[in-house]
Amino acid sequence: MNTTAHGTEAAPGRIVLLTTSHRVAPGLLSWPAWQALHAADRVLCADGAHPQLPYLREAGVAVAEAAPTAEELVGACAGGRTVVVVATGEGEPALTDGLARLAGSGRVSMPELELLPASYDLPGARLLDLVQVMDRIRAECPWSSRQTHEGLAKYAIEEAYELVESIEDGDREELREELGDVLLQVVFHARIAEEDAEEPFSIDDVAGGIVAKLIHRHPHVFGDESATTPEEVKEHWLRTKAEEKRRASVTDGVPLGQPGLALAAKLSSRARTAGLNVPLPKTEGVGYELLTLAAEAEARGVDPEAALRAAARTYRDAIRKAEQV
């Protein structure tokens, strides 16, 4: 038993395991973390190159480079002392496992143990990891380092189709994965764009642009206008979009390379939204028949591409069933 000279049990002290996120700038710590650091009897860190150390020392916190065992750390807390351990990126698993074994033995008077997160990941923080990984792949991978926007274009189309398929299948796990694949295409293209000699831009420029666009097109959220129905929201969106683009025709900006049914529906939607009564061509032929069907579907609020895919999947299942006979 740990006792003082007067025979009373000594206070076992306190161990604070201080964790930080590498996705938050070093030195930006919570107030409870700074309080614990300044009040501690000792502050230890096993990694002498830990990015937090220069900022802690600048703030007057003395940090010793040390990697104590669980037994040594418990001993350092004897007499009621507080020891703060600044965790490395791995989170000190050997130390925490050792402390757990000591606590479970029942033979040691354990200090108070506290896990104190000093900085937290904000929503979207893992996107920083993706940017860093993409940087390294672009620099070191023989295939990725040679890719261009033109060479990757087909993959963006493929990944978009796979995303749609996962949505239609209702597969949540597949949806998560396909969203990641689409996101990769965005980050990959942005990384390539950084290297352009004449008009470079980065993923931050891409994100900044879409943030500004979303704010501008949602005056009912970020401004003084109001909208209580989806129709009013769409009206805001179309009006602000028209102000931004200054297009000469409602068909400007409609990508002609998209699937035919989707293209026909989009053109029909643009004309209807603009209040234009443009009769459909009456020329004979399968293409014009499909154009009519696509326009009718759009007017009824049906996505003709999705409807045809659903019908095709039913036909596929019928084919498979026939093959089993």
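Residues numbered from 1 in each chain as written. Predicted model: local features only at pLDDT ≥ 70, side-chain atom pairs only at ≥ 80, totals over all residues. Heavy atoms only, no water.

Chemist: Got a minute to help me understand the pairing of strand β4 (residues 82-86) in this structure?
Modeler: Taken across its five residues, β4 has five buried, putting it largely inside the fold. Side chains Thr 82, Val 84 and Val 86 project from β4 onto one buried face, and the interleaved Val 83 and Val 85 project onto a second face that is buried too. Looking at chain direction, strand β2 (residues 42-45) and β4 are connected through three bridges and run parallel. In the sheet register, Arg 42 faces β4, and the bridge partner there is Val 83. (Buried < 20%, exposed > 50% of the residue type's maximum accessible area, 1.4 Å probe, protein only. Helix = DSSP H or I, 4+ residues; strand = E, 2+ residues; numbered from the N terminus. Pairing = 2+ DSSP bridges.)

Chemist: Explain the environment of Asp 121 to me, please; I cannot follow it from the model alone.
Modeler: Within the secondary structure layout, Asp 121 lies in the loop between β5 (112-117) and α5 (126-140). Asp 121 sits in the partly exposed class, given a relative accessible area of 37%. With 175 residues separating them along the chain, Asp 121 and Glu 296 place their C-alpha atoms 48 Å apart. If near-sequence neighbours (up to four positions away) are discounted, Asp 121 is found in contact with Ser 21 and Arg 23. Reaching out from Asp 121, the side chain makes a polar contact with the side chain of Arg 23 at a distance of 2.5 Å. (Contact = heavy atoms within 4.5 Å. Polar contact = N/O pair within 3.5 Å; in protein donor to acceptor, adjacent residues only side chain to side chain.)

Chemist: Would you mind showing me how to read the packing of aromatic side chains here?
Modeler: How two aromatic rings sit relative to each other is given by the distance of their centres and the angle of their planes. Enumeration over the complete set of coordinates arrives at two aromatic pairs. Between Trp 143 and Phe 188, the ring centres sit 6.5 Å apart and the planes meet at 65°, which makes this aromatic pair edge-to-face. Taken together, the positions of Trp 143 in the loop between α5 and α6 (149-169) and Phe 188 in helix α7 (residues 172-193) put the pair 45 residues apart, joining distant regions of the chain. In this structure Trp 143 comes out as partly exposed when scored by relative accessible area, which is 45%. Residue Phe 188 is classed as buried on the basis of its relative accessible area of 5%. Cluster of aromatic residues (ring-pair linked, three or more members): Trp 143, Tyr 155 and Phe 188. (Phe/Tyr/Trp six-rings, centres within 6.5 Å; stacked < 30°, edge-to-face > 60°.)

Chemist: Would you mind going over the side chain of His 218 with me for this structure?
Modeler: Take His 218: it is sitting in the loop between α8 (203-216) and α9 (219-222). Side-chain polar atoms of His 218 contact the backbone oxygen of Leu 214, separated by 2.8 Å. Dropping the residues within four chain positions of it, His 218 is found in contact with Gly 223 and Trp 237.

Chemist: I keep staring at the state of the cysteines and nothing clicks. Help me out?
Modeler: Here a disulfide denotes a covalent bond joining the sulfur atom of one cysteine to the sulfur atom of another. Scanning the model with the defined rule gives zero disulfides in all. Cys 77 carries a free sulfur, and the closest cysteine sulfur to it, the one in Cys 45, is 16 Å from it. (Disulfide = S-S within 2.5 Å.)

Chemist: It is not clear to me how the pattern of salt bridges should be interpreted in this structure. Could you clarify?
Modeler: Between side chains of opposite charge, a pair can form when the charged atoms approach closely. Scanning the model with the defined rule gives 14 salt bridges in all. Between Asp 129 and Arg 23 there is a salt bridge whose closest N-O contact spans 2.7 Å. Within this pair, whereas Asp 129 is found in helix α5, its partner Arg 23 is found in the loop between β1 (14-19) and α1 (31-39), the two being separated by 106 residues in sequence. In terms of burial, Asp 129 and Arg 23 fall into one category: buried. Between Asp 169 and Arg 313 there is a salt bridge, with its nearest N and O atoms 2.1 Å apart. Residue Asp 169 is located in helix α6, and its partner Arg 313 is located in helix α13 (residues 304-323); the two are separated by 144 residues in the primary sequence. We classify Asp 169 as partly exposed; its relative accessible area is 42%. In this structure Arg 313 comes out as partly exposed when scored by relative accessible area, which is 22%. Salt bridges here are not isolated pairs; linked through shared partners, they connect Arg 23, Asp 121, Arg 126 and Asp 129. (Salt bridge = Lys/Arg side-chain N within 4 Å of Asp/Glu carboxyl O.)

These results come straight from atomic positions and should not be treated as a statement about function.
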